[in-house]
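Residue strings, one per chain:
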Amino acid sequence: MHILILPSEEFLPEHSPTSGIFQYQQASILAKTGNKIGIISISQSFTIYLLVKYILLGLVGKKGEGNYNNSIFTLSRILLYKLFYPKKYLRTEILDEIPVYRINGFYYTEPTESNMAFSWVKAGLTAYKQYIKQNGTPDIIHAHNAVYAGILANRIKEKYGVKYIITEHSSDMFNDRIQDQKLQQHIRAAYSHADGLNAVSEQFAEHLNNKYSGLHFDVLHNVLDPYLLSKATLKEQRPVDAFQFIIIAQLKPIKNHIALIDAFEILTAQHANAVLQIGGDGELEETLKSYVENKKSVKDKISFLGYLNRDTVIDHLSKADCLVLTSHSETFGVVVIEAMLFGKPVVVTKCGGPENIVHDEVGEVCENTPSAIAAAMLRIIVNYNNYKPAGIRKYAIDNFGDKTFLNNVNKLYNKALRNAA
């Protein structure tokens, strides 16, 4: 089967190597089983308004800022190429034998949610035209998120007749953050014309089914990273030193690290022999470090690990005793199943996706308050010998491994193509 994957975020760009990682994992699994896979990755820079503005300013000797800090000739050439020769900003590469088409698009007006859809789709259509010229027409398109990949897939279907499915991951859709009514119309059209709709967790699918009456979302869980699957090992023995809790998440408000730090302080008053490692980077790094510094009783028991790549994730998960995820909301929570792959029990808050994948034999689900989180962490310590690492690992692989993913996604592709026929 020829499958074209459309991520809504950039696909493994140099400046953000984890962007598009879920799509990469799925693409790799699909490619290894004999499918023909392609990927289109879209970014955007420059606007007509600012290019014209800084070209005119250049005529009177003034310089632009950032990307616009170029000569009049350079800015004029960018404007000309962006308007009339967009293929100049298309490049291709082969990643693990998968062709990746990268195009840098162009804002025609000041960026808004709906205006970005127009320019994003326009760039995507340019890339798609080149893709099919060199690779042939795909049997099906798999768009990840309606904004903006699903909207592009809908336009491709209108113009070329190619069927598509959408898998929704977006926390914006889960938390109803998209308010632009014009963009909502585009989303509804993309969903309505799709040949299959999915969300990454049961609760997310239920939310979308309730929000978009007349449509039906199935569940297509995220898949375990094949690289982690090949490297993960089990630690059968009980902790001999301090009990190691770990959280791996971006340092931003939605991940709710403050509640976890407060919970850890409550926990150590009852069980002093514990440590907390915080993996990840982000906007709240200095705020969180200052917050911990003021927690005199636990500041020496909490460490910040910084950004973790896949190899350092493996190292820290293999040494930890329990993963904790205290988010306000999650559409799925991939790090939870990654911890299970190492046989680790987990503590998750009721935040969307994770409570659907955690049960008593693999960990604790609790309310999102410091006292409830602390109580759940203490139960993990007290009952640690009851958790069976091999059983936790087996649960993760059986439900979220590549074989299960392939079985589920192939059913969705075949269903979409049958319905289309």
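Up top you'll find the structure we're talking about.
Rules used throughout
Residues numbered from 1 in each chain as written. Predicted model: local features only at pLDDT ≥ 70, side-chain atom pairs only at ≥ 80, totals over all residues. Heavy atoms only, no water. Salt bridge = Lys/Arg side-chain N within 4 Å of Asp/Glu carboxyl O. Buried < 20%, exposed > 50% of the residue type's maximum accessible area, 1.4 Å probe, protein only. Helix = DSSP H or I, 4+ residues; strand = E, 2+ residues; numbered from the N terminus. Patch = residues over 30% accessible without salt bridge, like charges linked within 9 Å, V, L, I, M, F, W, Y side chains within 5 Å. Areas by Shrake-Rupley, 256 points an atom, 1.4 Å probe, with all protein chains shown as cover. Phe/Tyr/Trp six-rings, centres within 6.5 Å; stacked < 30°, edge-to-face > 60°. Lys NZ or Arg CZ within 6 Å of the ring centre and 35° of its normal. Expected span 1.5 Å × (residues − 1). Lys, Arg positive; Asp, Glu negative; His and termini not counted. Charge placed at Lys NZ, Arg CZ, Asp CG, Glu CD. Contact = heavy atoms within 4.5 Å. Pairing = 2+ DSSP bridges.

Undergrad: Quick one: what's the story with the pattern of salt bridges, residue by residue and with numbers?
TA: Taken as a whole and assessed by the stated rule, the structure comprises 17 salt bridges. D172 is the partner of R177 in a salt bridge, and the nearest nitrogen-oxygen pair spans 2.7 Å. For R177, a relative accessible area of 39% puts it in the partly exposed group. Look at D172 and you get partly exposed, because its relative accessible area is 32%. D262 is the salt-bridge partner of K295, the closest N and O atoms lying 2.9 Å from each other. One end of the pair, K295, is in the loop between α11 (285–293) and β11 (302–306); the other, D262, is in helix α10 (residues 257–270), and 33 residues separate them in sequence. Classification of K295 by relative accessible area gives buried; the value is 13%.

Undergrad: Explain a nonpolar patch on the surface residue by residue, including any values.
TA: Together, V52, L56, L59 and V60 make up a nonpolar patch on the protein surface, roughly 380 Å² of accessible area in all. Tracing the backbone through its elements, the reader meets V52 in helix α2 (residues 48–59).

Undergrad: Go over the packing of aromatic side chains, please, and point to the residues and values.
TA: The description of an aromatic ring pair rests on the distance of the ring centres and on the angle between the ring planes. All told, the structure shown has 16 aromatic pairs when counted by the stated rule. The interplanar angle of 90 degrees and the centroid separation of 5.0 Å between the aromatic rings of Y191 and F217 together place this pair among those described as edge-to-face. Of the two residues, Y191 is situated in helix α7 (residues 181–193) and F217 in the loop between α8 (202–211) and β8 (218–219); the sequence distance between them amounts to 26 residues. Judged by relative accessible area, which is 2%, F217 ranks as buried. Of note, K82 hangs over the ring of Y89, and the distance from its end group to the ring centre comes to 4.2 Å.

Undergrad: Any details on helix α14 (residues 370–382)? Residues and values, ideally.
TA: Note that an α-helix has 3.6 residues per turn; residues three or four places apart therefore point the same way. End to end, α14 covers 18 Å across 13 residues, agreeing with the expected 18 Å (1.5 Å per residue, within 8%). Every buried residue of α14 is accounted for by A372, I373, A374, A376, M377, I380 and I381.

Undergrad: A description of a positive patch on the surface should follow, citing residues and the corresponding values.
TA: On the surface, K87, K122, K129, K133 and K159 cluster together into a patch of positive charge. Counting residues per element, the positive patch draws most heavily on helix α4 (residues 113–135), which supplies three residues. Looking at the element boundaries, K122 is found in helix α4.

Undergrad: Account for helix α5 (residues 146–160), with residues named and values stated.
TA: Of the positions making up α5, those classed as buried are A146, Y148, A149, G150, I151, L152, A153, N154, I156 and K157. Elements in contact with the buried residues of α5: β1 (2–7), β2 (36–47), α4, β5 (140–144), β6 (163–168) and α7. Once α5 finishes, G161 follows within two positions and takes phi at roughly 80 degrees, a positive value.

Undergrad: Quick one: what's the story with the pairing of strand β9 (residues 243–248), residue by residue and with numbers?
TA: In terms of burial, β9 is a largely internal element, five of the six residues being buried. Bridge analysis of β9 against strand β10 (residues 274–279) gives six bridges, and the strand direction is parallel. Across the sheet, residue I246 finds its bridge partner in β10, namely Q277. Relative to strand β12 (residues 322–325), β9 runs parallel, the two sharing two bridges. Looking across to β12, one finds that I246 is bridged to L323.

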